[in-house]
Amino acid sequence: MTVEDSKPQTVAVVGAGLVGCLAALAFQKKGFEVTLYDMRPDPTLTEDRRQKNLRSINLAVSSRGIAALKYVDEEMASRILEHIIPMKGRMIHDITGKKQESQLYGLFGESINSIDRSFLNECLIKEIKLAGVKIHFNYKLVKILGLEKPDELVTLSFVHSHSEFHTAKYDYLVGADGAYSQVRYQMQYFMRMNFSQEYIDMQYLELYIPPNNDPEASSKFSIDANHLHIWPRHNYMLIALANEDGSFTSTFFSPWSVIESIKSSDEWLTFFESNFPDAYKLIGSEQLAQAYDHNPRGALMRVNVYPYHDPNGKALLIGDAAHSMVPFYGQGMNCGFEDVRVLMELLDQTNLNVNEAFQQYSDARKKDVDAICKLALDNYKEMSSKVTNSWFLLRKKLDYTLGRYIHGRLIQWLPLYTMISFRDDIPYSKAIEIEKRQSKILSRIQYGTVGAVLVYATIYAAKFWHKFNRQN
């Protein structure tokens, strides 16, 4: 479906990150005249990708993100997905550095997929340029006017390259400019927007595992590329995801008190070698010291907004601008891409009436966004601690067994991870509702099993004691 008016309606998208780029492409495919703005320089012109990654966490593209890419453009999705690296499970590294344990994600070999964040952003920007979408870099939004009157155009004012002012008018505005969104800030002048921002007591420091350059090695990867590697240490953890060039983007997460208690790169090296001995060898002491001294420590925060649209249906927030979440379920980008798909489906349902689609979007999306934001925060405990807990692993095996062998035969049963990562047809909130019901059943099975074992052990002990007393 396309806009049939002889003069296409205009849409400004602020934020040329992952979600903003996909939104711009999606609107352009529907026949709108789209202009994309970003305050950064063009990242495709920056030569050293490693310098672009220092404040990022690598991406795990799963079913929801892939479905959204394909919804916008199947051919574009194919070009991008050529570069992903499938990850079939977690690889848990113990504290000795000598033992690794694989924990599979999917019931039938499904995988989430690793891709470098900046590389994906560059791919999408190139697609933007190929599609003919206007794109302006070094444009910092400073003011929005025109939202208070239904019949007025939205007026955007930018500072270009720190000195020149630029003003433009559009029918509609989409804010995809991240957790510190200027669009969101400006929208609050025109509406009663509920907004909360919460910093989590957690920092992240990006590290780098180089490719294996040994000419006699069988692989360019130093460790298994088809796993998300986790070094869980309860209060802190390390993760690593493979890149196409054979390297791994690794991220150290900890409470601020942990990293701030380390006062020098020498102390950092001692700490790292004692807690992550195998990763210490993979990264190297020189790279680790360099990272401690020069890489920024990123803060983690949650943003909660409602509604996402202005009362007149002329402006809308999507992605992190509307619902920034912590990265521990790997759904931030996938959720943002799904935002775009949901919005486009609403446009189809309203016959491309953008005002109606924007106004319906908030209620259509809020419940699911809240569900995944909470789940992402809760999942840190699982990744940092529970993955080594025997009781938790038993429960996961029961969950896996029921999903693989019972689902669709005797009962309907899907593990939560399967529903979140591999079933884009199940909304986040619905997945959590299903999981709560299944969790009660799992608890009964677990406690029942343990109870049966204890009863059997008690009976056996009583028989043994009775026999022992008779003999004596």
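Reading the values: the criteria
- Counting of residues starts from 1 at the beginning of each chain's written sequence and follows it residue by residue.
- This being a predicted model, a pLDDT of at least 70 is required before a residue's local features are given, and a value of 80 or more before pairs of side-chain atoms are given or counted; all residues contribute to the totals for chains, interfaces and linings.
- Computation of side-chain values covers all heavy atoms of the structure but excludes hydrogens and water.
- Think of it this way: any DSSP run of H or I at least four residues long counts as a helix, any run of E at least two long counts as a strand, and we number them from the N terminus.
- The globule rule used for comparison is 2.2 Å times the number of residues to the exponent 0.38, while the radius of gyration itself is calculated over C-alpha atoms.
- Only protein chains enter the accessibility calculation, which uses a 1.4 Å probe. A residue is then buried if its area is under 20% of the maximum for its type, exposed if over 50%, and partly exposed in between.
- Accessible surface area values rest on a Shrake-Rupley calculation with a 1.4 Å probe, where residue burial reflects the displayed protein chains alone.
- Charged residues are defined here as Lys and Arg on the positive side and Asp and Glu on the negative side; His and the ends of the chain fall outside this count.
- Charge placement uses NZ in Lys and CZ in Arg. For Asp and Glu, CG and CD serve respectively.
- Expected span of a helix, by definition, is 1.5 Å for each gap between consecutive residues, and there is one gap fewer than residues.
- At least two DSSP bridges between two strands are needed for those strands to be called paired.
- Each axis is a line fitted through C-alpha atoms, taken for helices only over the stretch in contact, and angles between the N-to-C directions span 0 to 180 degrees.
- Contacts between residues were defined by any pair of non-hydrogen atoms, one from each residue, lying within 4.5 Å.
- Here, the term disulfide refers to a pair of cysteine sulfur atoms separated by no more than 2.5 Å.
- Any angle that is under 35 degrees is reported as roughly parallel, and any over 145 degrees as roughly antiparallel; angles of 65 to 115 degrees are reported as roughly perpendicular and all others as oblique.
- It is the rotation of the near helix from the far one that decides the hand of a crossing: anticlockwise by less than a right angle makes it left-handed, clockwise makes it right-handed.
- Just so you know, the domain bounds were taken from an automatic or database domain assignment.
- Defined here as a combined quantity, buried area equals the accessible surface (1.4 Å probe) lost by two parts on assembly, summed across both.
- Throughout this description, the term salt bridge denotes a Lys or Arg side-chain nitrogen within 4 Å of a carboxyl oxygen of Asp or Glu.
- Counting of polar contacts relies on pairs of N or O atoms within 3.5 Å, with two restrictions inside protein: one atom must be capable of donating a hydrogen and the other of accepting it, and residues adjacent in sequence are counted only when both atoms are side-chain atoms.
- Polar here means any residue other than Ala, Val, Leu, Ile, Met, Phe, Trp, Tyr, Cys and Pro, which are nonpolar, and Asp, Glu, Lys and Arg, which are charged; Gly is therefore polar.

**Student:** How would you explain the overall build of the protein if you had to name every residue and give the values?
**Tutor:** Within the protein, the regular secondary structure consists of 16 helices and 18 strands. A compact globule built from 472 residues would reach a C-alpha radius of gyration of about 23 Å, and the protein, at 25 Å, matches this within 12%. Put simply, the protein has 472 residues, and 53% of those count as buried. Total accessible area on the protein is roughly 22,500 Å²; 52% of this is exposed by carbon and sulfur atoms. Charge separation in the protein, taken as the distance between the mean sites of 53 positive and 55 negative side-chain charges, equals 9 Å.

**Student:** I'd love a proper account of helix H1 (residues 18–29), names of residues and values included.
**Tutor:** Compared with an ideal rise of 1.5 Å per residue, which puts 12 residues at 16 Å, H1 spans 17 Å between its outermost C-alpha atoms and is within 8% of the ideal. A large share of H1 lies buried, amounting to 10 of its 12 residues. If you check which residues of H1 are buried, you get Leu-18, Val-19, Gly-20, Cys-21, Leu-22, Ala-23, Ala-24, Leu-25, Ala-26 and Phe-27. The positive-phi residue at the C-terminal boundary of H1 is Gly-31, with phi of around 100 degrees.

**Student:** Residues and numbers for the sheet that holds strand S9 (residues 139–145), please.
**Tutor:** The strand order across the open sheet formed by 3 strands is S9-S10-S11, and the pairing between neighbours is antiparallel. At either margin of the open sheet sits one strand with a lone partner, and together these are S9 and strand S11 (164–170). Here the average twist between neighbouring strands, direction ignored, is 25 degrees. Where strand S10 (residues 154–160) lies against S11, 7 bridges are found, and the strand directions are antiparallel. By the bridge assignment for S11, Val-154 is matched with Tyr-170.

**Student:** Could you give an account of the sheet that holds strand S6 (residues 100–104), with specific residues and numbers?
**Tutor:** Here we have 7 strands laid out as an open sheet, ordered S6-S5-S14-S15-S16-S13-S17, and mixed in their pairing. Of all the strands in the sheet, just S6 and strand S17 (297–306) have a single pairing partner and so form its edges. Pairs of neighbouring strands in the sheet enclose a mean axial angle of 30 degrees, with direction left out of account. As defined by bridge partners, strand S13 (residues 194–209) adjoins strand S16 (residues 248–254) across 7 bridges and the pair is classed as antiparallel. What sits directly across from Ile-209, in S16, is Phe-248. Running at roughly 150 degrees to S17, helix H13 (residues 354–384) makes contact with strand S5 (89–93), S13, strand S14 (227–232), strand S15 (237–242), S16 and S17 of the sheet.

**Student:** Which residues make up the environment of Ile-209, and what values do they have?
**Tutor:** As for its placement among the helices and strands, Ile-209 is situated in strand S13. The sequence separation of Ile-209 and Leu-346 amounts to 137 residues, and the corresponding C-alpha distance is 43 Å. When near neighbours in sequence (up to four residues on either side) are disregarded, Ile-209 contacts Ile-223, Ala-240, Ser-247, Phe-248, Leu-282 and Ile-283.

**Student:** Could you give an account of the state of the cysteines, naming the residues involved and the relevant values?
**Tutor:** Scanning all chains against the criterion turns up 0 disulfides. Free cysteine: Cys-123, not disulfide-bonded; nearest cysteine sulfur from Cys-21 at 11 Å.

**Student:** Can you tell me about unusual backbone geometry, naming the residues and giving the values?
**Tutor:** In this chain, Tyr-306 is followed by Pro-307 through a cis amide linkage whose omega measures -5 degrees. Mapped onto the fold, Pro-307 is located in the loop between S17 and strand S18 (315–317). Even without being a glycine, His-234 presents a positive backbone phi close to 65 degrees. One can find His-234 in the loop between S14 and S15. Residue classification places His-234 among the exposed positions, given a relative accessible area of 53%. Although it is not a glycine, Asn-351 adopts a positive phi angle of roughly 55 degrees. Among the secondary structure elements, Asn-351 is positioned in the loop between helix H12 (332–349) and H13. According to the relative accessible area criterion, Asn-351 is exposed, its value standing at 59%.

**Student:** With reference to specific residues and values, describe the packing of H1 against helix H5 (residues 117–131).
**Tutor:** Contact geometry of H1 with H5 gives a least axis separation of 9 Å together with a crossing angle of 25 degrees. Regarding the angle of H1 to H5, the classification is roughly parallel. Considering only the axes of H1 and H5, their crossing is left-handed. Taking contact as the criterion, the partners of Leu-18, Cys-21, Ala-24, Leu-25 and Gln-28 in H1 are, on H5, Arg-117, Leu-120, Asn-121, Leu-124, Ile-125, Glu-127, Ile-128 and Ala-131.

**Student:** I'd like a rundown of the pairing of S6, residues and numbers included.
**Tutor:** Two elements, S5 and S6, share 5 bridges in a ladder whose sense is antiparallel. Looking across to S6, one finds that Met-91 is bridged to Ser-102. Taken together, S5 and the strand that follows it, S6, pair antiparallel across an intervening segment of 6 residues, in which Gly-97 is found at a positive phi of about 80 degrees.

**Student:** I'd like a rundown of the domain arrangement of the protein, residues and numbers included.
**Tutor:** With domains assigned, the protein is organised as domain 1 (10–85 + 113–198 + 302–380), domain 2 (200–299) and domain 3 (389–459). For domain 1 versus domain 3, the distance between C-alpha centres works out to 36 Å. In this complex, domain 1 contributes 16 residues to the contact, which on the side of domain 3 involves 15 residues. Taking both sides of the interface into account, the surface hidden between domain 1 and domain 3 amounts to around 1,200 Å²; carbon and sulfur atoms contribute 55%. Summed over the shared surface of domain 1 and domain 3, the number is 1 salt bridge. When the shortest N-O distance is used, the salt bridge between Glu-433 and Lys-367 registers 3.3 Å. For the pair domain 1 and domain 3, the interface holds 10 residue pairs in polar contact (both at pLDDT 80 or more). Breaking the side of domain 1 that touches domain 3 down by element, the ones donating at least two residues are helix H3 (63–72), H12 and H13. At 6 residues, H13 tops the list of elements feeding residues into the side of domain 1 that touches domain 3. The residue makeup of the side of domain 1 that touches domain 3, split by class, is 6 nonpolar, 4 polar and 6 charged.

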